[in-house]
Amino acid sequence: MTNTVFKKTTVAVALVAAGIALGWGVSQWRIASSHPSGATPPSAEAAKADRKVLYWYDPMVPTQKFDKPGKSPYMDMALVPKYADEDAQQSTGLNVSAQAVQALGLRTATVEQRDIGSDVDVLGTVQLNDRDVSIVQARSAGFVERVYARAPGDVVAAGAPLADLLLPEWVAAQREFLAVRALKEESLTAASRHRLSLLGMPASLVAQVERTGEPQGRYTVTFPQAGMVAELMVRQGMTVSAGASLVRVNGLASVWIEAAVPEAQSGPLQLGQDAQVRLAAFPGETLKARVVSILPEANRDTRTVRVRLELPNPAQRLKAGMSGQIVLAGRTQPALLVPSEAVIRTGKRALVYVVDGPGKYHPVQVQLGAEIDDRLVIQSGLTAGQQVVASAQFLIDSEASLRGIMPAQPPGSSAQPIAEQGSSASAAPASKSFTVRGVVDEVTPTELTLTHEAVPELKWPGMTMPFKLANPELAKALKPEQQVKFTFQQQGKDFVITAVERIKP
């Protein structure tokens, strides 16, 4: 228990130290940017005399303004002045001194244009080609006299015997044909011969009957193609009817490989697309295949799309059930790439800081594509050859947020200010009021500093902070350490107290 408490305390101290370090870094960067020569900044009194101060702020909460210098209510650090002449810079960019660039360790990277391919790497399983299937049926009712030694899974050649059938109906039809033939009436003989063909007798059997003059009631059924016996439905001694299935044969000249492609990667797939197959049974060997079918229904459970590839199997080395790796080669296309670390992602949009010149930067909103290794594809917002900030851009973004600098927008997007990014307080509607309890820390004619309880609607913890007063009369008769119940609203970027009620101890 003691170790757990100690670990939690250590983590909390580390987080506080990190926040103080970041705030100090921002303040030092602003000081360096405001004083390129590296000289020590003037005191608050000197600043008032030489440069007009608009307000003071905490770099960690840049949207909260204070009308006088002092210690930040959020962090244990001094407030930083905001000078009027700093707004003379262009509203679309920032100027950073060479000393600040060196102190921040700021690095840049070039926007590269490169050909990329949308390859898809998935697992696949070998299957029999269901388009290469033959089914042998009895053409007339009869009896099975003999079945040649066959079993499901056997590989057979085209023309190999399957079974001997005795077909009484064929015997009767052949005798009728021989009788008509004896009349030597050519038209009747042709009609009788055609009837034998309609009964399903092959031309070779009809020719044998004509040649020998003897009816042939025994017929040997053969395999119409080479392949594997997938299903055997005939046995010796059976009685078969016309149309009864005897055997099903799967061809082995080619096989399928079926793969489940993630739905998010299935968009670029096309029929006829080339693929490379590496099977576990043949390490180091790469086989070529092509996409022959993209099934029209996605799996609702796995969110995948079934894709079938076909590849030749001349030596019959590929067996159904084998597994391997499939690489579906997509079409290459040019794309713009930047390092992933150069992009600031807020959840609603992505920003990149573009270098305009030595010490000059401006934000650009970009649309992101796929991530390739440690780089991101930029779909719009940048051009090849531009320089972007690849490190310390979060400090630059904090300053841009403070100044309300708008990023350049990609085509088709709507502009949104980035001034709210650095705010730890959730923006509340101007008409929304919040009532909480607190203790007075400091009273001035225009401001009241309070230690207040948490405000869940704004996701505020309990903290000490200054509030503007809607009316100076609200601060009358208030003294430090008094307990009060107060109501405030957000008006612009300020939080303004509209009512105060003293609580009797």
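On a predicted model such as this, the values are computed, not experimentally measured, just so you know.

About the thresholds
Within each chain, residue numbers correspond to sequence positions counted from 1 in written order. With the structure being a predicted model, the display of local features is reserved for residues of pLDDT at least 70 and the display and counting of side-chain atom pairs for 80 or more, all residues being used for whole-chain, interface and lining totals. Hydrogens and water molecules were not included; the side-chain quantities draw on all heavy atoms of the structure. Aromatic rings from Phe, Tyr and Trp, with only the six-membered ring used for Trp, were paired whenever their centres fell within 6.5 Å, and each pair was classed as stacked if the ring planes differed by under 30 degrees, edge-to-face if by over 60, and tilted otherwise. Put simply, DSSP marks the helices as runs of H or I at least four residues long and the strands as runs of E at least two long, and each gets a number from the N terminus on. Throughout this description, buried means an accessible area under 20% of the type-specific maximum (1.4 Å probe, protein chains only), exposed means over 50%, and partly exposed covers the range between. We call a charge positioned above a ring when the Lys NZ or Arg CZ atom is no farther than 6 Å from the ring centre and deviates by at most 35 degrees from the ring normal. Strands were regarded as paired on the criterion that DSSP finds at least two bridges between them. Each axis is a line fitted through C-alpha atoms, taken for helices only over the stretch in contact, and angles between the N-to-C directions span 0 to 180 degrees. Buried residues of nine kinds, namely Ala, Val, Leu, Ile, Met, Phe, Trp, Tyr and Cys, make up a nonpolar core once their side-chain atoms join them within 4.5 Å. Note on definitions: a residue-residue contact is assigned when non-hydrogen atoms from the two residues lie within 4.5 Å. This arc is built from the directions going out from the helix axis to the C-beta atoms. Per-residue confidence from the prediction method is given by pLDDT, with values spanning 0 to 100. A pairing counts as a salt bridge when a side-chain nitrogen of Lys or Arg comes within 4 Å of a carboxyl oxygen of Asp or Glu. Think of a polar contact as two N or O atoms within 3.5 Å of one another; within protein, one of them needs to be a possible hydrogen donor and the other a possible acceptor, and neighboring residues in sequence only count if both atoms come from side chains.

J.: Can you help me understand the packing of aromatic side chains in this one?
T.: Two aromatic rings are characterised by how far apart their centres lie and by the angle between their planes. Taken as a whole and assessed by the stated rule, the structure comprises eight aromatic pairs. A ring pair is formed by Trp170 and Tyr219, whose centres lie 5.3 Å apart and whose planes are at 55 degrees; its orientation type is tilted. Highlighted residues: Trp170 in helix H4 (residues 168–182) and Tyr219 in strand S12 (residues 218–222), separated in sequence by 49 residues. By the burial criterion, Trp170 is buried, and Tyr219 matches it. Each member of the aromatic cluster is reached from another via a ring pair, and the members are Phe434, Trp460, Phe467, Phe486, Phe488 and Phe495. Stacked on the ring of Phe282, the Lys or Arg Arg317 has its end atom at 4.3 Å from the ring centre.

J.: Mind showing me how you'd approach the sheet that holds strand S28 (residues 447–452) here?
T.: Within a beta sheet, neighbouring strands are joined by backbone hydrogen bonds and run either parallel or antiparallel to one another. With mixed pairing, five strands are arranged side by side around a closed barrel as S27-S28-S29-S31-S30. On average, each strand axis in the sheet is inclined to that of its neighbour by 55 degrees, with strand direction left out of account.

J.: It is not clear to me how the sheet that holds strand S13 (residues 227–232) should be interpreted in this structure. Could you clarify?
T.: Across the sheet, which stays open at both edges, the four strands sit in the order S8-S15-S13-S10 with antiparallel pairing between neighbours. The sheet is open, and its two edges are formed by strand S8 (133–137) and strand S10 (155–156), each paired on a single side. By the bridge criterion, four bridges tie S13 to strand S15 (residues 245–250) in an arrangement that is antiparallel. Its bridge partner being in S15, Val229 is matched across the sheet by Val249.

J.: Mind showing me how you'd approach the nonpolar core here?
T.: Note that soluble globular proteins tend to have their nonpolar side chains buried in a common cluster. Leu162, Leu165, Met201, Val221, Phe223, Leu246 and Val247 are the most contacted members of the largest nonpolar core, which has 28 residues in total. When residues of this core are traced back to their parent elements, those giving at least two are strand S11 (161–166), H4, helix H6 (203–212), S12, S13 and S15. Top element by residues in this core is H4. It accounts for four residues. Contact partners of Phe223, with chain neighbours within four places excluded, come to Arg150, Val156, Ala157, Ala158, Gly159, Ala160, Pro161, Leu162, Val229, Val247 and Val249.

J.: Would you mind showing me how to read H6 here?
T.: Each α-helix turn comprises 3.6 residues. Residues three or four places apart therefore point the same way. For H6, every residue scored as buried is listed here: Leu205, Val206 and Val209. All buried residues of H6 lie within an arc of 100 degrees about the axis, which places them on one face of the element. Opposite the buried face of H6, at more than 90 degrees from it, the exposed residues are Ala203, Ser204 and Arg211. Elements in contact with the buried residues of H6: H4, helix H5 (186–198) and S12. Backbone geometry just downstream of H6 places Gly213 in the positive-phi region, at approximately 75 degrees.

J.: Looking at this model, I keep getting lost on the confidence of the model for the protein chain. Mind explaining?
T.: Keep in mind that low pLDDT regions are not for reading the predicted coordinates in detail. Overall, the predicted model of the protein chain reaches an average pLDDT of 79, with 79% of residues at or above 70. The least confident element of the protein chain, judged by mean pLDDT, is helix H1 (residues 2–34) at 46; the most confident is S15 at 94. Here residues 1–24 is modelled with pLDDT under 50, and outside its nearest four sequence neighbours on either side it reaches 10 contacts, counting other chains as well. This stretch, residues 31–48, has a pLDDT under 50; its non-local contacts, to residues over four places away or in other chains, come to 24 contacts.

J.: What should I look at first to understand the environment of Gly117 in this one?
T.: Of note, Gly117 is situated in strand S6 (residues 112–117). Taking C-alpha positions, Gly117 is 6.4 Å from Gln333, a pair spaced 216 residues apart along the chain.

J.: What is the right way to look at the pattern of salt bridges in this model?
T.: A complete count under the given rule lists 16 salt bridges for this structure. Its salt-bridge partner being Arg107, residue Glu341 comes within 3.4 Å of it at the nearest N-O pair. Here Glu341 is found in the loop between strand S21 (332–339) and strand S22 (344–345), whereas its partner Arg107 is found in the loop between helix H3 (98–104) and strand S5 (108–110), with 234 residues between them in sequence. The class for Glu341 is partly exposed, based on a relative accessible area of 43%. Taking the relative accessible area as the measure of exposure, Arg107 reaches 40% and is therefore partly exposed. Put simply, Glu176 and Arg195 hold a salt bridge, and the shortest N to O gap is 3.5 Å. Linking Glu176 in helix H4 with Arg195 in helix H5, this pair joins segments that are 19 residues apart in sequence. When its relative accessible area of 38% is taken as the criterion, Arg195 is described as partly exposed.

J.: Whenever I open this one, the side chain of Ser140 confuses me. Can you help?
T.: Along the polypeptide, Ser140 turns up in the loop between S8 and strand S9 (142–147). Ser140 sits in the buried class, given a relative accessible area of 4%. A distance of 3.3 Å separates polar atoms of two side chains, one belonging to Ser140 and the other to Glu169. The residues touching Ser140, leaving out its near neighbours within four places in the chain, are Leu167, Glu169, Trp170, Val240, Ser241 and Ala242.

J.: How do you make sense of the pairing of strand S25 (residues 375–380) when you look at a structure like this?
T.: For a regular strand, side chains alternate in direction, first toward one face of the sheet and then toward the other. Across four bridges, the pairing between S21 and S25 is antiparallel. Residue pairing across strands places Val338 opposite Leu376, the latter belonging to S25. As paired elements, strand S24 (residues 360–372) and S25 share four bridges and run antiparallel to each other. Directly across from Glu371, in S25, lies its bridge partner Leu376.

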